Amino acid sequence: MNVAAQLKLGRRTWLQASLGGVLGLAVKSSSAAPSQPAPLRTAKRCIVLWMDGGPSQLDTFDPKPEAGSNVRGELDAIDTALPGVQFCEKFPQLARRANRLALLRGMSTDEADHGRARTYMHTGYKPGQGGLSYPVLGAVVSAELGRSDAALPNFVVTGSTLNKYDFVTDPGFRGPRNGALVHDYADRPLENLQAAASADEFARRAAVLAQRNAEFAARYHAPPVEAQRAVFEQSVRLMQADAARAFDLSHEPAKSAAAYGDHPFGRGCLLARRLVEVGVSFVEVSLGNWDTHEKNVVEGALALMAAVDAGFATLLDDLADRGLLDETLIVWMGEFGRTPTVNRNGGRDHYAKAWTTVLAGGGVRGGQVIGRTDATGAAVLERPTNVRDFQATLCRALGIDPQKKIMTPIGREVPIVDVGGMPIAEVFG
Amino acid sequence: MIRVVLLISLVASSAVAADPPKPDKNKFVKGPAIVQRPPRDPLPLVAAIDREWLRALEAAGVPASPEADDAEFLRRACLDLSGVVPTYQQAIAFLDDDAPDKRRRLIDELLAGRGYAQHFGRTWRRLIWPPDYTMAKSGVDRVTPWLADQFYAERPWNELVTDLLTVEASMTHDPRGAFFAANSDATTIQPNRLADATGRLFLGVQIGCAECHNHPFARWKQEDFWGLAACFSRVRKVSKSDASLTESPESPGGGLGEATITVADGSGKAAGTVVPARFLGVAAAPRFDRPLRPQLAEWITSQDNSYFARAMVNRLWAHLLGRGLVNPVDDLREENPPSHPELLDRLAAEFVASDFDVKHIVRAVCLSRAYGRTSRPLPENVADVNYFSHTAVKVMNPDVLYDALHTVINADPRVRPPMKGVKPTKPIGRGKPVEVEPRDAFVRFFSRAALGDDPLQYGYGVPQMLQLLNGVQWNGGAPFLEDLSTTPAERRAAIETIHVVALSRRPTDAEVAELLTLVGDSADPREAYAGVLWVLVNGAEFVVNR
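Structural notes, computed from the coordinates. (Residues numbered from 1 in each chain as written. Chains lettered and ligands numbered in written order. Predicted model: local features only at pLDDT ≥ 70, side-chain atom pairs only at ≥ 80, totals over all residues. Heavy atoms only, no water.)

Below, the discussion takes up the overall build of chain A. Check the secondary structure of chain A and you find 14 helices and 16 strands. Looking at chain A residue by residue over its 429 residues, the buried ones come to 57%. Here the contacts in chain A between residues at least 6 apart in sequence split such that 73% fall between residues at least 24 apart. When the accessible surface of chain A is split by element, carbon and sulfur atoms take 50% of a total near 16300 Å². (Helix = DSSP H or I, 4+ residues; strand = E, 2+ residues; numbered from the N terminus. Buried < 20%, exposed > 50% of the residue type's maximum accessible area, 1.4 Å probe, protein only. Contact = heavy atoms within 4.5 Å. Areas by Shrake-Rupley, 256 points an atom, 1.4 Å probe, with all protein chains shown as cover.)

Quick look at the overall build of chain B now. When helices and strands are counted, chain B shows 22 helices and eight strands. Within the span of chain B, comprising 546 residues, buried residues form 55% of the whole. Summarising the internal contacts of chain B: among those between residues at least 6 apart in sequence, 71% fall at separations of at least 24. Entry remark: accessible area of chain B is about 22700 Å², with carbon and sulfur atoms responsible for 54%.

On to the environment of B:Thr517, then. Along the chain, the position of B:Thr517 falls in helix α20 (residues 509-519). Counting along the chain gives eleven residues from B:Thr517 to B:Ala528, while the straight-line C-alpha distance between them is 9.4 Å.

Another point: the interface of chain A and chain B. The interface of chain A with chain B comprises 45 residues on the first partner and 50 residues on the second. A combined buried area of about 4200 Å² lies between chain A and chain B, and 61% of that area is made up of carbon and sulfur atoms. Viewed at the interface, chain B and chain A are joined by three salt bridges. Of the charged contacts, one joins B:Glu541 and A:Arg212 as a salt bridge, the two residues approaching to 3.9 Å between their closest N and O atoms. The tally of links between chain A and chain B comes to six residue pairs in polar contact (both at pLDDT 80 or more). Its residues assigned to classes, the side of chain A that touches chain B comprises 23 nonpolar, ten polar and twelve charged. (Buried area = accessible area lost by both parts, 1.4 Å probe. Salt bridge = Lys/Arg side-chain N within 4 Å of Asp/Glu carboxyl O. Polar contact = N/O pair within 3.5 Å; in protein donor to acceptor, adjacent residues only side chain to side chain. Nonpolar A, V, L, I, M, F, W, Y, C, P; charged D, E, K, R; others polar.)

Counted according to the given criterion, the structure contains 30 aromatic pairs over all chains. For the pair B:Phe442 and B:Phe446, a centre-to-centre distance of 4.1 Å together with 20° between the ring planes defines the contact as stacked. One end of the pair is B:Phe442 and the other is B:Phe446, both in helix α17 (residues 439-449) and four residues apart, which spans about a single turn. Both residues of the pair, B:Phe442 and B:Phe446, belong to the buried class. Directly above the ring of A:Tyr185 sits A:Arg188, whose terminal nitrogen or CZ lies 4.1 Å from the centroid. Looking at A:Arg396, its charged tip hangs above the ring of A:Phe428, at a distance of 4.6 Å from the centre. (Phe/Tyr/Trp six-rings, centres within 6.5 Å; stacked < 30°, edge-to-face > 60°. Lys NZ or Arg CZ within 6 Å of the ring centre and 35° of its normal.)

The next subject is the pattern of salt bridges. Residue and element names in this part refer to chain A. If you walk through the whole model with that rule in mind, you get 65 salt bridges over all chains. In this structure, Glu111 and Arg116 form a salt bridge, with 3.1 Å as the shortest nitrogen-oxygen distance. Between Asp149 and Arg147 there is a salt bridge, with the nearest N and O atoms lying 3.2 Å from each other. Connected through salt bridges with shared partners, the residues Glu252, Arg273, Arg274, Glu277, Asp318 and Arg322 form a single ionic network.

Before going further, it helps to spend a moment on the pairing of strand β4 (residues 101-107) of chain A. Regular strands have side chains that alternate between both faces of the sheet. Residues and elements named next belong to chain A. Summarising burial for β4: seven of the seven residues are buried, a large majority. With five bridges connecting them, β4 and strand β11 (residues 355-361) associate as antiparallel partners. Its bridge partner lying in β11, Leu101 is registered against Ala360. The pairing of β4 with strand β12 (residues 368-370) spans three bridges and is classified as parallel. From the neighbouring strand, Ala102 faces β12, where its bridge partner is Gln368. (Pairing = 2+ DSSP bridges.)

In this section: the nonpolar core. Grouped together as the largest cluster of nonpolar side chains are 228 residues, with contacts concentrated most on A:Leu49 and B:Trp157. A:Met107, A:Phe167, A:Val182 and A:Val417 belong to the second largest nonpolar core, which has 50 residues in total. (Core = buried A, V, L, I, M, F, W, Y, C linked by side-chain atoms within 4.5 Å.)

Residue and element names in this part refer to chain A. The residue Arg96 is located in helix α4 (residues 92-96) in this model. Judged by relative accessible area, which is 56%, Arg96 ranks as exposed. Spatially, the C-alpha atoms of Arg96 and Asp79 are 8.7 Å apart, while their sequence positions differ by 17 residues.

Right, let's talk about the packing of helix α2 (residues 43-60) of chain B against helix α15 (residues 358-366) of chain B for a bit. All names here are of chain B. Orientation of α2 relative to α15, taken along the N-to-C sense of each, is 55°, at an axis distance of 8 Å. Relative to α15, the element α2 lies oblique. In the packing of α2 onto α15, the handedness of the crossing is right-handed. Two secondary-structure elements touch here, α2 through Leu45, Val46 and Ile49 and α15 through His360, Ile361, Ala364 and Val365. (Axes fitted to C-alpha atoms, helices over the stretch in contact; angles between N-to-C directions. Parallel < 35°, antiparallel > 145°, perpendicular 65-115°, else oblique. Left-handed = near helix turned anticlockwise from the far one by under 90°.)

Residues and elements named next belong to chain A. Where burial is concerned, most of strand β1 (residues 45-51) is hidden: seven out of the seven residues are buried. Here β1 shows two buried faces, one formed by Arg45, Ile47, Leu49 and Met51 and the other by Cys46, Val48 and Trp50. As paired strands, β1 and strand β8 (residues 328-334) are joined by seven bridges and run parallel to one another. Looking across to β8, one finds that Val48 is bridged to Val331. Pairing of β1 with strand β7 (residues 282-287) involves six bridges; the strand directions are parallel. The residue bridging Ile47 from the neighbouring strand is Val283, located in β7.

Moving on to helix α9 (residues 223-240) of chain A. The end-to-end C-alpha separation of α9(A) is 26 Å, in line with the 26 Å expected for 18 residues at 1.5 Å each. By the criterion of burial, α9(A) is predominantly enclosed, with 16 of the 18 residues buried. (Expected span 1.5 Å × (residues − 1).)

Going through the model one piece at a time under the given rule, you end up with zero disulfides over all chains. Free cysteine B:Cys78: the closest other cysteine sulfur is in B:Cys366, separated by 11 Å. (Disulfide = S-S within 2.5 Å.)

Within the secondary structure, A:Val414 is located in strand β16 (residues 413-415). A C-alpha to C-alpha distance of 35 Å links A:Val414 and A:Ala243, two positions 171 residues apart in sequence.

Residue and element names in this part refer to chain B. Across the interface, helix α4 (residues 88-95) lies against helix α19 (residues 491-503) with an axial gap of 8 Å and an inter-helix angle of 100°. When the interaxial angle is binned, α4 and α19 end up roughly perpendicular. Here Tyr88, Ala91 and Ile92 of α4 come into contact with α19, specifically with Thr497, Val500 and Val501. Here the residues of the contact of α4 with α19 sort into five nonpolar, one polar and no charged.

So, on to the side chain of A:Asp389. Residue and element names in this part refer to chain A. On the secondary structure map, Asp389 appears in helix α13 (residues 387-397). Here Asp389 occupies a buried position and makes no salt bridge, while the nearest side chain of opposite charge, Arg383, is found at 4.6 Å. A polar atom in the side chain of Asp389 sits 2.9 Å from the backbone nitrogen of Met422. (Lys, Arg positive; Asp, Glu negative; His and termini not counted.)

In this section: unusual backbone geometry. Residue A:Asn289 is reached from A:Gly288 by a cis peptide bond, and omega for that bond is 20°. By secondary structure assignment, the location of A:Asn289 is in the loop between β7 and α12 (295-321). Cis geometry marks the peptide bond from B:Asn327 to B:Pro328, where omega comes out at -10°. Secondary-structure assignment places B:Pro328 in the loop between α13 (306-321) and α14 (341-353). With a phi close to 55°, B:Phe356 is a non-glycine residue in the positive phi region. For B:Phe356, the location among the structural elements is in the loop between α14 and α15. If you check the backbone angles, B:Ser504 has positive phi at about 60° while not being a glycine. For B:Ser504, a relative accessible area of 0% corresponds to the buried category.

Keep in mind these values describe shape, not function.
Written as structure tokens, this is what we have:
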């Protein structure tokens, strides 16, 4: 379609035409059928509650009240809705909702460096493995379950991390079209959604820009040019979408917002609910700092615990009330756990051998504990879960075939989850 | 050769060291002018670069792309060397210049300018002190101007690094304290972070992995890492209120005995062991009866240290070509060989022989055929990333993007192009602290999303794109558009002017025709001109350095 023809079209018509054509979007059917039969009940979208820095399993969901004080720590354990299962005292609301949670107390991974473990937990592959840059889970979900022509991005990240966001947002070989929209502060509306020019004028300009970009990309076969085009197109779609209102928490009734807690993490959980409600496939809400090596960080983490209790518990209720919990997989995880023994600085150091993650919602049978650690939480005694099995479990819950092979830019096919990863059957039982 | 290089900011900061530190952002000590030395002859090195570059291409059977056209070369050189896009005047003057040596003159002019010092100062400020760290509370940045002065004065790299490693002035008020400030927290110097940063920045080695474990294949063991960290273990702040740095023994009253460090809890098998200070890979102990940092700096910057020169020339190559001869640029080790071993050796040897002259290496690379290729690939070399058959398409970092937008918005095409290069308008440096806002706000917002510092990745996301597309900062109108003629006969010329301002090249006929559709029979051609500028500035071509 030439530009003159576009000018004669109405705005809606032009947008429909341009989004498919001039902007160069490949509108194709979203997901291929998995090669294995999909589980009967699966989630359609996913919310990851990312605990940056690595929370202590002993001070969250695998307390050891019987152990010595150098292991037990200073916090007490409380009973939960599940007989015989205790949580740390800082999680009373979640304790009452334990029947909705599946606790994976047998996490046993082998990366205890923040950078490497963050990438490992997000991609299922060790950094640098096979010389490839692997997609994070959000990019996998975006590519497999999202729609490439969706008005809102399929993958949104909110909250703050200790460092840069790459390990949460990098789409790797899935390409820039599956990259994340990073919205740091959930309590601020997404800015600059309104064009300076009139809608018609903006549409005309955007069409010329898209055409020039296409010509430039054809001359310079360069990845950054492709990425810039993808982000431009996403931005234009978002500007036109009524659903972008979901980013503005001021539209939320004060009462329902309050339950999430007066904390950035709670507002992040609320934003996650609003986004999955309008069809966003993957939202990651980040919360740090859990890197509790020293006493002062340990004390700071008390506030994080309260924020998690309110935010996570309200998210479960809110999604259930709206009939969305069965369709939404919720994952609570950090990059590793902490050492069972309290160190001389009153904190705990990195520990990957035995720790805990929590699943809830779509596809997951709540009210169960999978895996068991020993009396001090130093070793996994039953049902150890490695990163591959964990990733395969998330995929299965989302109806994604973990063994599906993806063609990479270097011409090698790579399975979504590394060879050997098996979903944990008990999660779905 | 003129060797009298007077550094005004050194004069200024030694005055600060004598007095109690008193930050005053209005104080601007003006010193004698800096005298640059005449450039060394780059041509032998240029020939060596081209020889090795061509040899590798031929051995791999990969053809090189043709030479870049003038517009491509001009914009690339300006962005790489000064971090700014050419002004309208610079572009017209260069494009219309018929002299055969115009590229050489362009490189020389850019390297002699403040823009070069500013850009390299900013680049190293980002490396030494990434934007995640909050800058001085006073709201001014003293580090970038100081670094800019060093690059402007052609300070040998070994001297600059020695300054950063051995600084005794205040960590919080003296720019030379940046390296220590970036690797410390509010109360304590962090020897392990200093060791990691020393390895990455000055030696091009990632010894940080050895903080917690011995890698089965890597050369560096935990004791190497902690031995280097121990070299910083005696560094202290003079007092709570005075952040000047001094070396003092562990225990009060104790003499300068063996400097050691205890491997931190959680650092793998070696945790709790006591490691004495050692330089990387050096068996002999340093002299413990005198300060360790000067000895460390001497060892690091020694002509015999095979890592120091290689690390810097590899970084300079990567800065200009988008990719190092070794990648990642801070991972020099036997198991990660360079793509062009002889070339890396030659550049390093030349760097040493030139007394660590950064400009000399940069000049030679910029004059090479390798650097002068177009970034448009041929079908036969489109997959090549190792042989530099076509130059990389890089993405402007947030600092450069900020300046580029300002250059375009503040363009004034009415001023006649001078015959020689245009002086940069607002130089920084000369010891003058720069206000960090609003630049820092922009840089922070755009750095949040950037994928590390990889110039080959477009890391900006939707929120950043939305600010560029719709933000009032960038859409409040550019004054030069008001001066353009709106008569139908002159609209074509107006479009050409906007195009040169934004992209430093004249548009093709097809491009003019396409952009003219935006003007069409518009009732308000100036509004349409703003639309043309918007299209050009928000396209992929603007934000990349090709």
